[in-house]
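Listed below are the residues making up each chain.
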Amino acid sequence: RFQAVSAKDTYVISKYIENPLLIGGKKFDLRIYVLVTSFRPLKAYLYQLGFCRFCTVKYTPSSQDLDNMFAHLTNVSIQKHGNEYNAVHGGKWTVQNLRTFLEGTRGKAVSDRLFDDMNWLIIHSLKAVSSVMANDRHCFECYGYDIIIDNNLKPWLIEVNASPSLSSTTSHDRVMKHKLINDVINIVIPPGEGPDVRWSKVPARENLGHFDLLYDEELAQMDFLASERGKAGFPRSAATAVGSRGAGIRGSMSGGGGSGFSVSSGGSASGTWK
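From a predicted model like this one, the values you see are computed outputs, not experimental measurements.

Engineer: Before we move on, can you summarise the overall build of the chain with the specific residues and values?
Structural biologist: A count of helices and strands for the chain gives seven helices and ten strands. When contacts within the chain are restricted to residue pairs at least 6 apart in sequence, those whose partners lie at least 24 apart make up 70%. Split by element, the accessible area of the chain, about 15,000 Å² in all, is 54% carbon and sulfur.

Engineer: Now, about the pattern of salt bridges: what can you tell me, with residues and values included?
Structural biologist: Scanning the entire structure with this criterion turns up eleven salt bridges. For Glu-103, the salt bridge goes to Arg-99, with nearest N and O atoms at 3.6 Å. In this pair, Glu-103 and Arg-99 are both assigned in helix H3 (residues 95–105), four residues apart and thus about one turn of the helix distant. Ionic pairing is found between Asp-112 and Arg-99, a salt bridge with its closest N-O pair at 2.6 Å. Here the residue Asp-112 occupies a position in helix H4 (residues 108–129), and Arg-99 occupies one in helix H3, the gap between them amounting to 13 residues. Connected through salt bridges with shared partners, the residues Asp-29, Arg-31, Arg-53 and Asp-146 form a single ionic network.

Engineer: Account for the environment of Val-184, naming residues and giving values.
Structural biologist: One can find Val-184 in helix H5 (residues 171–188). If we ignore the near neighbours within four places in the chain, the residues touching Val-184 are Leu-35, Phe-140, Cys-142 and Phe-211.

Engineer: Residue-level account of unusual backbone geometry, with values.
Structural biologist: Residue Pro-41 follows Arg-40 across a cis peptide bond; omega there is 0°. Secondary-structure assignment places Pro-41 in the loop between strand E2 (26–39) and strand E3 (42–47). A positive phi is found at Leu-153, a non-glycine position, where the angle reads about 60°. In this structure, Leu-153 sits in the loop between strand E6 (139–149) and strand E7 (155–162). Note on Leu-153: relative accessible area 7%, which makes it buried. One non-glycine residue with positive phi stands out, namely Ser-163, at about 55°. As for its position among the elements, Ser-163 is in the loop between E7 and H5.

Engineer: How would you explain H5 if you had to name every residue and give the values?
Structural biologist: Here H5 contains 18 residues, and its C-alpha end-to-end distance of 26 Å stays within 8% of the 26 Å for a straight helix at 1.5 Å per residue. Buried residues belonging to H5 abut E2, E3, strand E4 (51–54), strand E5 (92–94), E6 and strand E8 (211–216).

Engineer: Please provide a residue-by-residue account of the confidence of the model for the chain, values included.
Structural biologist: Residues shown with low pLDDT carry predicted positions that ought not to be read at fine detail. Put simply, the chain has an average pLDDT of 79, and 76% of its residues get 70 or more. Low pLDDT, under 50, characterises residues 237–247; the predicted model gives this stretch eleven contacts beyond four residues in sequence or across chains. In the model, residues 250–274 has pLDDT below 50 throughout and makes 76 contacts with residues more than four positions away in sequence or in other chains.

Calculation notes
Residues numbered from 1 in each chain as written. Predicted model: local features only at pLDDT ≥ 70, side-chain atom pairs only at ≥ 80, totals over all residues. Heavy atoms only, no water. Helix = DSSP H or I, 4+ residues; strand = E, 2+ residues; numbered from the N terminus. Contact = heavy atoms within 4.5 Å. Areas by Shrake-Rupley, 256 points an atom, 1.4 Å probe, with all protein chains shown as cover. Salt bridge = Lys/Arg side-chain N within 4 Å of Asp/Glu carboxyl O. Buried < 20%, exposed > 50% of the residue type's maximum accessible area, 1.4 Å probe, protein only. Expected span 1.5 Å × (residues − 1). pLDDT = per-residue confidence, 0-100.

Spelled out as structure tokens, the structure:
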């Protein structure tokens, strides 16, 4: 019989994506890094140098092959033990390579929509937990988002890793993660600036490194107010005019989607300054 769920019970509901997008017949997922410097108001930066992790064995939906980890699980910690693992490239593509491939096979408009949907997925997941996250302007966190894409080019959030591992398996990994650490530091402690609880400016473009401003809630609210003033026939104030140029959101990002936020532990990519 159905039993009412106690408020103390906690569940994780998961879904297996049975139609993953395959490249070369192999399953893959994406690791995307997101730097959050504030939850209230939300301010997040998207790292351009994410990567795809491929399985070493071709995917098959057959129930007889469900136990084959090398065909279903993209984790490098698993794949590196397979006979087909290539230690030179580590079974990885850059996100830029994935985008080039998709634009060539599916078209640019469809690819742009996919990446816009992934951006919104990230924003919505952060907003979903912003009310319960400790919000200290002295702190920051670099999250590792794991996303899988299905054959209809719909992104699905697998998990969000707090303090993702910064260990490297290839020379390219080592270079990329060195840049990641360097760029994070340059944003949270801009050159020539001291960390300050009142400091909330968006860093200058030259200090963002390989990060892009993904979402700035303050700019988004200013843009919304400017839009409402325009509908009411009022002239925009100088402040809202400045805010509207940023729009608070990276790119056009039409569409939406994505929800849920899970956290797993890893290495160390978070920090606190005093």
